[in-house]
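So the chains spell out like this:
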Amino acid sequence: MIIKICGIQNIETLICCEKNEVDYFGMIFYSKSPRNISIENAYKLQRDSKNLNIKGVGVFVDKNINYVEEIVKKIKLKFVQLHGSE
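Being a predicted model, the structure only gives us computed values, none of them experimental.

Asker: Quick question: what am I supposed to make of the layout of surface pockets here?
Answerer: For the largest pocket, the calculated volume is near 280 Å³. Considering the residues around the largest pocket, the lining is formed by 14 residues, among which Gln 46, Ser 49, Lys 50, Lys 76 and Lys 78 are closest to the centre. At the level of secondary structure, the elements contributing two or more residues to the lining of the largest pocket comprise α2 (39-48) and β3 (55-60). Top contributing element to the lining of the largest pocket by residue count: α2, with three residues. Across the lining of the largest pocket, the residue classes break down as six nonpolar, three polar and five charged.

Asker: Sorry, what's going on with the pattern of salt bridges here?
Answerer: A side chain of one charge can pair with a side chain of the opposite charge when the charged atoms of the two come close. This model, assessed by the stated rule, comprises two salt bridges. Ionic pairing is found between Arg 47 and Asp 48, a salt bridge with its closest N-O pair at 3.3 Å. According to the relative accessible area criterion, Arg 47 is partly exposed, its value standing at 45%. A relative accessible area of 31% places Asp 48 in the partly exposed class. The residue Lys 74 makes a salt bridge to Glu 70 at a minimum N-O spacing of 3.1 Å. Taken together, the residues span about one helical turn, with Lys 74 and Glu 70 both in helix α3 (residues 65-75) at a distance of four residues. Residue Lys 74 is classed as partly exposed on the basis of its relative accessible area of 44%.

Asker: What am I meant to see in α3 here?
Answerer: Given 3.6 residues per helical turn, the α-helix brings residues three or four places apart onto the same face. When α3 is considered as a whole, its buried residues turn out to be Val 68, Ile 71 and Ile 75. Buried residues along α3 cover an arc of 65° about the axis, so they all sit on one side. Looking at α3, the residues exposed on the side facing more than 90 degrees away from the buried face are Ile 65, Asn 66 and Lys 73. Structurally, the start of α3 carries an N-cap: the backbone nitrogen of Asn 66 is 2.5 Å from a side-chain oxygen of Asn 64.

Asker: How should I be thinking about the environment of Lys 4 in this particular structure?
Answerer: Looking at the secondary structure, you find Lys 4 in strand β1 (residues 4-6). In this structure Lys 4 comes out as partly exposed when scored by relative accessible area, which is 32%. Considered as a pair, Lys 4 and Glu 21 are 17 residues apart in the sequence and their alpha carbons are 10.0 Å apart. If sequence neighbours within four positions are ignored, Lys 4 has contacts with Val 22, Tyr 24, Gly 26, Val 57, Val 59 and Gln 81. Side-chain polar atoms of Lys 4 contact the side chain of Gln 81, separated by 2.6 Å.

Rules used in this analysis
Residues numbered from 1 in each chain as written. Predicted model: local features only at pLDDT ≥ 70, side-chain atom pairs only at ≥ 80, totals over all residues. Heavy atoms only, no water. 1 Å grid on protein atoms, 1.4 Å probe; cavity = no way out; pocket = protein on both sides within 12 Å on 5 of 7 lines; lining within 4 Å. Points joined across faces, edges and corners; volume = space filled by probe spheres on them. Helix = DSSP H or I, 4+ residues; strand = E, 2+ residues; numbered from the N terminus. Nonpolar A, V, L, I, M, F, W, Y, C, P; charged D, E, K, R; others polar. Salt bridge = Lys/Arg side-chain N within 4 Å of Asp/Glu carboxyl O. Buried < 20%, exposed > 50% of the residue type's maximum accessible area, 1.4 Å probe, protein only. Arc of directions from axis to C-beta. Polar contact = N/O pair within 3.5 Å; in protein donor to acceptor, adjacent residues only side chain to side chain. Contact = heavy atoms within 4.5 Å.

Dropping the structure here:
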């Protein structure tokens, strides 16, 4: 089984997920979501997860491909989830 938890916004929750063997953590780039994350916070979480087993996933809703590519490059994402009508 592969487990992904979305809406991670801080290192404490990320570490909790790691300790509980969660495989992926979702960072939501959707301004209407209460779990929306800033690019700066996402960068920090992605950086902090570098030496952990858990992997970051960027979650995008109806975003232009250029915006997605920009975020992927800025925070060095390897995984993306498209949630909308892309």
